Amino acid sequence: MKNIIVIFFCIFSTQVFSQKKTKNAQFTKQTKTDFKVDKTNKKLISQIDSVMVKSYERGLFNGNILISQHHKIIYQKSFGFSDETKQTALNDKSIFNTGSIAKEFNAVAIMILVERGLLDLDDKVSKFNLGLPKWSEKVTVRHLINYASGIPQIDPMAPKNDEEAWNILRSNDSLLFEPGTSYKYDNSNVFLQRRIIEKVTGMSFEEFVSKNIIEPLKMTNSVFDPKSGYKNRTSCYDFDNVKCPEMQFISGWLWVDINDLYKWIEAMNSNRLISKKSFQTLLNNPYAKDEGGSLGRYFEKEGLQRHNGVSYKFESIFLNDFKNNMTIILLSNNLNKVWDLGHIIHSLMLGKQYEIPKKSIYQAIRKEALNDVNKAIGTYYSLKENSKNEYSFENPGELNKLGYELLKLGKVNESITLFKLAANEFPKDANIFDSLGEAYFTGKQYELALDSYKKAIHLGGTNGNAEKMIDKIGKEIGK
């Protein structure tokens, strides 16, 4: 079954180092490592640096990182480039699209208004006279900040501007579900939060956030919706150095550099903008505790806030560990291993076991597979024999991802060949056999598809997908 990646559209500090060993020394001199650390921290920082350097050398991270402990920055560096031309090195003033992390600013702005008595979380949306259908009489502000409203969905790729978003919401009379009965992480909730802020304050969302958040916190390098070419603005690109398309979407996304994002997190932790009670209100989602809300996912038992965001090939994550008084931030414009690295470094800092990320076998054979899948498979086995410890051979998702890329390109037979390799390499992985079944089904090889789906069920199933496909195949055969 295809692994679903939910794209949270909304949509750290020095010179880059070369991958060549001869220039590693130069990079080290240029890197900002002048933080005052005691002897007990030197080993920790050395381990962190080893993870990050190796990750960059393996093509698994391009971006900025900042780590603080007890409210002091102990590690901060930049790795790689600001765009696909690789002419400008990242630095600590490089600003990034942080994806869903930017949604925190409208949520906190809501709480600022609540604390000032200008708004109540249980106010109905209809109170603000936004010209919305009858469902606005059921939906509250509390529902919106917890993504439990059920309001019509705004497809991340559909509205190119606020006017189009308004048309979607105002022309749809039905709810996805009764408010408060389910959860749907969707930008329609974000859009209405921002419009309510404007209605209550008589200011644009951007103006209110600037005056009440950005300026008080001295977030001097943050900007809303910067256009291509804006000073210090990064552009995202993939590992083939192809630039991402410039997004046209609803307004109000704050781009930040890593220092400004750290100021923001510290302000939340010290209750500079909103009270501790309000902060806890945003951390805890009463409608979907295991899903998270406006401030990401909160693991109460561990005392950990985790928020990540993805927009095209931009990816960001921060782990805000209240219990151990540490913060880990990674911002990237080259979607890769940001999520993994955040958790690896957190484990490292807690003294737990960790493993430096390995090179991507998907990346290693992808280009070859698109042209000659059998040649790519030969390369796969050669690398496995000679470089097994360097590549991610133990991750079935690498081959699964490549198989689906071939399938999406209409290379059905090639995808079948690739999925058969994956099934041979991971004979106990139900998801792989589900994927192979889909490729066979697409190629109208129904009997082979049935065998693959039955194998997936035998291995534990794929959340009912294999059963549904078996029924579908039965109908196709019966035609």
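Bear in mind the structure is a predicted one, so any value in this text is a computation, not a measurement.

K.L.:
I'd love a proper account of the environment of Leu 295, names of residues and values included.
P.N.:
Here Leu 295 is to be found in the loop between helix 9 (276-283) and strand 5 (297-299). For Leu 295, a relative accessible area of 0% puts it in the buried group. Along the chain, Leu 295 and Phe 279 lie 16 residues apart, while their C-alpha atoms are 9.0 Å from each other. With residues near it in sequence (within four places) discarded, Leu 295 still touches Glu 104, Val 108, Phe 279, Leu 282, Leu 283, Gln 305, Arg 306 and His 307.

K.L.:
Lay out helix 3 (residues 103-115) with the relevant residues and their values.
P.N.:
Along its 13 residues, helix 3 runs 19 Å from first to last C-alpha, staying within 8% of the 18 Å computed at 1.5 Å per residue. Within helix 3, 11 of the 13 residues are buried, leaving the element largely enclosed by the surrounding structure. Looking only at helix 3, the buried set comprises Lys 103, Glu 104, Phe 105, Asn 106, Ala 107, Val 108, Ala 109, Ile 110, Met 111, Ile 112 and Leu 113. Within two residues after helix 3, Gly 117 carries a phi angle of roughly 75°, on the positive side.

K.L.:
Would you mind going over the pairing of strand 1 (residues 63-69) in detail, with residue names and values included?
P.N.:
Burial within strand 1 is extensive, with 7 of its 7 residues counted as buried. Direction of pairing for strand 1 relative to strand 2 (residues 72-79): antiparallel, over a ladder of 7 bridges. When the sheet's bridge partners are listed, Ile 65 is paired in strand 2 with Lys 77. Turn length for the strand 1-strand 2 hairpin, with the two strands adjacent in sequence and antiparallel, is 2 residues, and the turn residue His 70 shows positive phi of about 55°.

K.L.:
Lay out the state of the cysteines with the relevant residues and their values.
P.N.:
Enumeration according to the criterion identifies 1 disulfide in this entry. Two residues, Cys 236 and Cys 244, share a disulfide whose sulfurs are 2.3 Å apart.

K.L.:
Provide a residue-level description of the environment of Ile 432, including the pertinent values.
P.N.:
Relative to the elements of secondary structure, Ile 432 occurs in helix 15 (residues 430-442). By relative accessible area, Ile 432 is classed as buried at 0%. Along the chain, Ile 432 and Leu 421 lie 11 residues apart, while their C-alpha atoms are 9.8 Å from each other. Setting aside residues no more than four positions away along its own chain, Ile 432 makes contact with Pro 396, Asn 400, Phe 419, Ala 422 and Ala 423.

K.L.:
I'd like a rundown of unusual backbone geometry, residues and numbers included.
P.N.:
One non-glycine residue, Asn 271, lies in positive phi territory at about 60°. A positive phi is found at Lys 444, a non-glycine position, where the angle reads about 60°.

K.L.:
Could you give an account of the nonpolar core, naming the residues involved and the relevant values?
P.N.:
Of all hydrophobic cores here, the largest spans 74 residues; its most connected members are Val 108, Leu 192, Ile 213, Met 219, Trp 264 and Ile 329. Looking at this core element by element, the count peaks at 8 residues for helix 3. Membership of the second largest hydrophobic core comes to 39 residues, among which are Ile 361, Leu 402, Ala 422 and Ala 423.

K.L.:
Mind laying out the sheet that holds strand 8 (residues 326-332), listing which residues take part and the relevant values?
P.N.:
Spatially, 6 strands are ordered 2-1-8-7-6-5 in an open sheet, and the strand pairing comes out antiparallel. The sheet is open, and its two edges are formed by strand 2 and strand 5, each paired on a single side. Taken over all neighbouring pairs, the strand axes of this sheet differ in orientation by 10° on average, direction set aside. Where strand 1 meets strand 8, 7 bridges bridge the pair, whose relative direction is antiparallel.

K.L.:
So what's going on with the pattern of salt bridges? Which residues, and what values?
P.N.:
Evaluation of the coordinates by the stated rule reveals 21 salt bridges. The residue Asp 123 makes a salt bridge to Lys 127 at a minimum N-O spacing of 3.3 Å. Each of the salt bridges in this network shares a partner with another, and the network as a whole consists of Asp 240, Arg 366, Lys 367 and Glu 405.

K.L.:
Go over the packing of aromatic side chains, please, and point to the residues and values.
P.N.:
For the structure on display, the rule yields 17 aromatic pairs. Geometrically, the ring pair formed by Trp 166 and Phe 191 is edge-to-face, given 5.1 Å between the ring centres and 80° between the ring planes. Of the two residues, Trp 166 is situated in helix 5 (residues 162-170) and Phe 191 in helix 6 (residues 187-201); the sequence distance between them amounts to 25 residues. When its relative accessible area of 15% is taken as the criterion, Trp 166 is described as buried.

K.L.:
Residues and numbers for the packing of helix 3 against helix 6, please.
P.N.:
The N-to-C vectors of helix 3 and helix 6 enclose an angle of 40°; their axes lie 10 Å apart at closest approach. In terms of their interaxial angle, helix 3 and helix 6 are classed as oblique. Crossing angle aside, the handedness with which helix 3 passes helix 6 is left-handed. For the pair helix 3 and helix 6, the contacting residues are Lys 103, Asn 106, Ala 107, Ala 109, Ile 110 and Leu 113 in the first and Asn 187, Val 190, Gln 193, Arg 194, Ile 197, Val 200 and Thr 201 in the second. Tallied by class, the residues present in the contact of helix 3 with helix 6 amount to 7 nonpolar, 4 polar and 2 charged.

Rules and cut-offs
- Residues numbered from 1 in each chain as written.
- Predicted model: local features only at pLDDT ≥ 70, side-chain atom pairs only at ≥ 80, totals over all residues.
- Heavy atoms only, no water.
- Helix = DSSP H or I, 4+ residues; strand = E, 2+ residues; numbered from the N terminus.
- Buried < 20%, exposed > 50% of the residue type's maximum accessible area, 1.4 Å probe, protein only.
- Contact = heavy atoms within 4.5 Å.
- Expected span 1.5 Å × (residues − 1).
- Pairing = 2+ DSSP bridges.
- Disulfide = S-S within 2.5 Å.
- Core = buried A, V, L, I, M, F, W, Y, C linked by side-chain atoms within 4.5 Å.
- Axes fitted to C-alpha atoms, helices over the stretch in contact; angles between N-to-C directions.
- Salt bridge = Lys/Arg side-chain N within 4 Å of Asp/Glu carboxyl O.
- Phe/Tyr/Trp six-rings, centres within 6.5 Å; stacked < 30°, edge-to-face > 60°.
- Parallel < 35°, antiparallel > 145°, perpendicular 65-115°, else oblique.
- Left-handed = near helix turned anticlockwise from the far one by under 90°.
- Nonpolar A, V, L, I, M, F, W, Y, C, P; charged D, E, K, R; others polar.

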